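Observations on the three-dimensional arrangement
What follows is the residue order along each chain.
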Amino acid sequence: MNIGKAFAREIEKHVEHVLSMTEIEAMIEQPKYDEQGDIAFPCFRLAKHFKKSPVQIAEQIAAKLEHPLYEKIIAVGPYINGFLDKKSYSKQIVQQIINEKDHYGSKTIGNGQTITIDFSSPNIAKPFSMGHLRSTVIGNSLTHIAKKCGFEVVKINHLGDWGTQFGKLITAYKLWGSETSVQENPIPVLLDLYVKFHEEADENDALNQEARAWFKKLEDGDKEATALWQWFRDESLKAFSKIYDLLDVSFDSYHGEAFYNDKMDETVDVLNEKGLLTLSEGAEVVKLAELDMPPCLIRKSDGATLYATRDLTAARYRQATYHFSKAIYVVGQEQTVHFRQFFSVLEKAGYQWAKHMVHVPFGFILKDGKKMSTRKGKVVLLEDVLQEAISLAKRNIEEKNPTIENKEAVAEAVGVGAVIYHDLKNERMNHVEFSLEEMLKVEGRTGPYVQYTHARACSILRKATDFNNDVLQKYRLGDEPGLSDSYSWHVIKHLRDFPHVVQRAFDDLEPSLIARYVFELAQDFNKYYSHVKVLTNDAERTARLSLVYTVTVVLKEGLRLLGIKAQKVCNGVRPIGLACMDKNTIS
Ligand code: ARG
């Protein structure tokens with residue numbers, strides 16, 4: 001039963017001709033302080049009609065109200081405040097979670113419609129930058145959140161695998177490269193070749209001409225050029241896939257920019273037919289001055305197409321292939337103008353679906369307050385960062401928890417989870433200060449804190465060897481009351497909020513809402529655990545253990561939506577018991 005609806009219905013009986021049910025529901029508030037109860041209705045708007053003060057009205061109406069969900073309904077100044085009956089309400093929430101398990105909080109708003117999410121999208125032969133890490137982690141979480149809301153999701157890695165830089169790379173490779181060194185260490189070696197090309201080409205313009213010639217060959221499908229390009233792409237992808245494996249991220253499509261080469265003419269034709277193309281210094285552009293934007297460059301004077309042309313083509317391809325109801329692009333804020341431009345060009349071309357394309361920007365990763373760079377000299381290889389996080393996590397485990405099993409697996413889940421959480425705990429538009437030490441702290445707003453809280457809750461359940469699935473189901477179905485102490489009440493209220501948080505995270509495309517949520521739930525649970533003796537043998541023992549069980553379910557599910565694993569950390573602590581068994585074990 002929806003507590004707001006029940007409350008509103010009671011109030012409606014007394015103000016029937018003055019306010020509608022919808023108006024009442026919209027006016028309902030949540031009091032700031034616990035002492036003021038769980039729900040409140042302000043009486044100011046009724047004063048005129050009843051010709052009394054709001055305080056008097058609140059008193060009169062409150063005196064007549066009662067509902068089984070509410071322990072008491074009283075006037076607090078000009079408000080009517082409802083205090084939920086903790087025992088029955090907490091039982092209701094716990095029952096619901098036992099029933100729905102990891103489906104708790106799931107929505108059907110997607111109704112099977114498709115969302116494409118373009119994320120990660122690194123550039124071939126270049127290091128996976130910190131920006132790409134943010135895109136990967138935010139995009140991956142958004143895929144989980146969108147699925148949870150009932151959407152079909154197509155995960156697209158729009159690889160940067162085309163452009164004049166490949167002419168330069170081929171030239172450099174043929175002059176100074178070796179097959180074995182590329183194979184051994186593809187990204188750094190290819191990057192070195194690229195850097196060397198630029199250094200040498202500054203002195204020797206013939207190199208630039210050669211690079212142009214190689215790119216032309218590549219565009220014309222020359223065998224050697226194509227084979228080299230394909231090889232650079234394969235080797236780069238192999239290196240990227242190590243990162244994706246560690247982060248547990250996968251894609252449905254790796255169609256990068258090159259995929260659209262043979263589809264670009266059609267896009268240019270469409271723009272031409274619609275009369276959108278203008279010549280500007282030999283190049284074809286779509287003017288966007290009326291929208292206060294620079295023109296969108298479609299084709300250069302030498303006939304070469306551009307990043308925007310490829311994005312326009314990819315969008316048309318995606319609509320034709322996946323019929324998306326929404327297309328999301330998780331790309332750094334520095335590309336905001338590009339996205340505004342290319343969305344506008346599609347709208348001008350009359351594509352209605354262009355209205356449902358969204359750029360999801362994010363801030364930079366900073367080191368000591370400065371933007372972290374992947375350029376020459378200070379390349380930070382992401383794989384190294386993740387490996388370092390894992391070994392730091394391992395060191396922490398060896399110091400504090402030397403007896404746990406599966407140390408390697410736990411260290412990996414904690415190290416990687418720490419990096420992911422550190423990113424997602426910030427509203428995405430904020431900049432993130434990069435610090436491994438901060439990320440891995442077990443106290444504070446970190447991934448390990450939430451993971452360990454989950455593991456702790458699981459281990460409580462394991463200690464209660466008599467608390468098994470039968471007991472849990474009996475509690476769910478029986479009329480044994482729920483809990484009413486103030487510590488469990490905070491946990492219950494948090495558990496209740498999970499579905500709303502999922503909804504908001506989807507509406508705002510903001511995983512940080514979930515990151516904050518799991519942290520606060522973990523905090524409230526830890527307070528509960530340190531003040532209440534969960535395992536004491538008394539009448540409320542089953543109710544308490546059931547609450548602990550629901551906390552494990554929601555923490556694990558919340559972490560999953562962020563792309564963080566709870567299970568491995570938990571399994572490492574002790575062999576599996578009732579707690580957080582794999583799906584379907586508890587039915
Ligand atoms: N490869 C691009 C870069 O690294 C990002 C691509 C983003 N996706 C897109 N459809 N433009 O800057």
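Reading the values: the criteria
- Residues numbered from 1 in each chain as written.
- Predicted model: local features only at pLDDT ≥ 70, side-chain atom pairs only at ≥ 80, totals over all residues.
- Heavy atoms only, no water.
- Helix = DSSP H or I, 4+ residues; strand = E, 2+ residues; numbered from the N terminus.
- Buried < 20%, exposed > 50% of the residue type's maximum accessible area, 1.4 Å probe, protein only.
- Contact = heavy atoms within 4.5 Å.
- Areas by Shrake-Rupley, 256 points an atom, 1.4 Å probe, with all protein chains shown as cover.
- Lys, Arg positive; Asp, Glu negative; His and termini not counted.
- Charge placed at Lys NZ, Arg CZ, Asp CG, Glu CD.
- Pairing = 2+ DSSP bridges.
- Axes fitted to C-alpha atoms, helices over the stretch in contact; angles between N-to-C directions.
- UniProt positions renumbered as here; feature names shortened; annotations may be inferred.
- Right-handed = clockwise from strand over helix to strand, strands pointing away.
- 1 Å grid on protein atoms, 1.4 Å probe; cavity = no way out; pocket = protein on both sides within 12 Å on 5 of 7 lines; lining within 4 Å.
- Points joined across faces, edges and corners; volume = space filled by probe spheres on them.
- Nonpolar A, V, L, I, M, F, W, Y, C, P; charged D, E, K, R; others polar.
- Domains from an automatic or database assignment.
- Phe/Tyr/Trp six-rings, centres within 6.5 Å; stacked < 30°, edge-to-face > 60°.
- Lys NZ or Arg CZ within 6 Å of the ring centre and 35° of its normal.
- Near = heavy atom within 4 Å.
- Polar contact = N/O pair within 3.5 Å; in protein donor to acceptor, adjacent residues only side chain to side chain.
- Core = buried A, V, L, I, M, F, W, Y, C linked by side-chain atoms within 4.5 Å.
- Salt bridge = Lys/Arg side-chain N within 4 Å of Asp/Glu carboxyl O.

Counting its secondary structure elements, the protein chain contains 23 helices and 13 strands. The principal-axis extent of the C-alpha atoms belonging to the protein chain is close to 90 × 65 × 40 Å. Out of the 587 residues belonging to the protein chain, those deemed buried represent 53%. Here the analysis covers contacts within the protein chain between residues at least 6 apart in sequence; of these, 73% occur between residues at least 24 apart. Surface accessibility of the protein chain: about 26,900 Å² in total, with carbon and sulfur atoms responsible for 48%. Positive and negative charge centroids in the protein chain, built from 75 and 80 side chains respectively, lie 4 Å apart.

With antiparallel pairing, 3 strands are arranged side by side in an open sheet as S1-S3-S2. Edge positions in the open sheet fall to strand S1 (39–42) and strand S2 (70–76), since each of these has one partner strand only. On average, adjacent strands in this sheet sit at an angle of 15° to one another, irrespective of strand direction. Strand direction decides the pairing type here: S1 and strand S3 (residues 79–84), joined by 4 bridges, are antiparallel. Counted as the bridge partner of Pro42 is Tyr79 from S3.

So, about the UniProt feature "short sequence motif: 'HIGH' region" (unreviewed entry) in the protein chain. Using the residue numbers shown here, the UniProt feature "short sequence motif: 'HIGH' region" (unreviewed entry) corresponds to residues 122–132. Overall, residues 122–132 shows 27% helix and 0% strand. The separation of its end C-alpha atoms is 6 Å.

A few words now on the pairing of strand S5 (residues 152–156). Burial runs high along S5: 4 of the 5 residues are buried. Here strand S4 (residues 114–118) pairs with S5 via 5 bridges, running parallel. If you follow Ile117 over to S5, its bridge partner there is Lys155. In this fold, S4 hands off to helix H6 (residues 130–148), which returns the chain to S5; that crossover is right-handed.

Attention now moves to empty space enclosed by the protein. Going through the model one piece at a time under the given rule, you end up with 6 cavities of 30 Å³ or more. Of the volumes computed, that of the largest cavity is approximately 90 Å³. What lines the largest cavity is a set of 12 residues, among which Leu246, Glu412, Ala413, Val416 and Lys565 lie closest to the centre. If one sorts the elements of the lining of the largest cavity by residue count, helix H16 (residues 407–424) sits on top with 5 residues. Of the residues in the lining of the largest cavity, the class split is 6 nonpolar, 2 polar and 4 charged. Three or more residues apiece are contributed to the lining of the largest cavity by two domains, here domain 2 (163–248) and domain 3 (382–562).

Note: strand S9 (residues 326–330) against strand S10 (residues 357–360), 4 bridges, orientation parallel. Across the sheet, residue Ile328 finds its bridge partner in S10, namely Val358. For the crossover that starts at S9, traverses helix H14 (residues 336–348) and ends in the parallel S10, the hand is right-handed.

Once that is clear, we can look at the packing of aromatic side chains. Where two aromatic rings form a pair, the distance of their centres and the angle of their planes describe that pair. Going through the model one piece at a time under the given rule, you end up with 30 aromatic pairs. Where Phe128 meets Phe240, the ring centres are 5.6 Å apart and the plane angle is 65°; that geometry is what we call edge-to-face. With a gap of 112 residues between them, Phe128 in the loop between S4 and H6 and Phe240 in helix H11 (residues 223–247) connect regions that are remote in the sequence. By relative accessible area, Phe128 is classed as buried at 3%. A relative accessible area of 1% places Phe240 in the buried class. Ring centres of Tyr329 and Phe343 lie 5.8 Å apart, and the angle between their planes is 50°; this geometry places the pair in the tilted category. With Tyr329 in strand S9 and Phe343 in helix H14, the pair connects residues that are 14 residues apart, well separated along the chain. A residue is classified by how much of its surface remains accessible, and Phe343, at 11% relative accessible area, is buried. In textbook terms, an aromatic cluster arises when at least three aromatic residues are bridged by ring pairs, as seen for Phe119, Phe128, Phe240, Tyr244, Phe251 and Tyr254. Lying across the ring of Phe83, Lys72 places its NZ or CZ 4.5 Å from the centre. The lysine or arginine in question, Lys217, covers the ring of Trp214, its NZ or CZ lying 4.1 Å from the ring centre.

If you trace the 3 strands from one edge of the open sheet to the other, you get S6-S7-S8, paired in antiparallel fashion. Each having just a single partner strand, strand S6 (277–280) and strand S8 (296–299) make up the two edges of the open sheet. Recorded for the sheet is a direction-independent mean angle of 45° between the axes of neighbouring strands. Strand direction decides the pairing type here: strand S7 (residues 283–286) and S8, joined by 3 bridges, are antiparallel. Looking at S8, one finds that Glu284 is bridged to Arg299.

As for its placement among the helices and strands, Glu16 is situated in the loop between helix H1 (3–15) and helix H2 (21–27). Here Glu16 falls in the exposed class, since its relative accessible area comes to 52%. Sequence-wise, Glu16 and Ala63 are 47 residues apart; in three dimensions their C-alpha atoms are separated by 17 Å.

For the rest of this paragraph, the subject is the site of the ligand. Contacts to the ligand come from Asp118, Ser121, Asn123, His132, His158, Tyr307, Asp311, Tyr329, Val331, Gln335 and Phe339. In this structure, Asp311 approaches the ligand through a side-chain N or O atom, which is 2.8 Å from a nitrogen atom. Among the residues forming the shell around the ligand, the class breakdown is 4 nonpolar, 5 polar and 2 charged.

Let us now look at the nonpolar core. Of all hydrophobic cores here, the largest spans 158 residues; its most connected members are Phe7, Phe41, Ile80, Val330, Leu495 and Leu562. What Leu495 contacts, discounting residues up to four positions off in sequence, is Ile93, Ile97, Tyr104, Tyr517, Leu521, Leu547, Thr550, Val551 and Val554. In terms of nonpolar packing, the next biggest core, distinct from the first, is built from 27 residues, Leu271, Leu277, Ala327 and Trp353 among them.

The subject of this paragraph is the pattern of salt bridges. Per the counting criterion, the structure on display carries 25 salt bridges. Note that Asp220 and Lys216 form a salt bridge whose closest N and O atoms lie 3.0 Å from each other. Overall, the relative accessible area of 54% leaves Asp220 in the exposed class. We note a salt bridge from Arg316 to Glu266, for which the minimum N-O separation is 3.4 Å. With Arg316 in helix H13 (residues 307–322) and Glu266 in helix H12 (residues 264–273), this residue pair connects regions lying 50 residues apart in the sequence. One continuous salt-bridge network, built from bridges that share partners, spans Asp34, Asp38 and Lys493.

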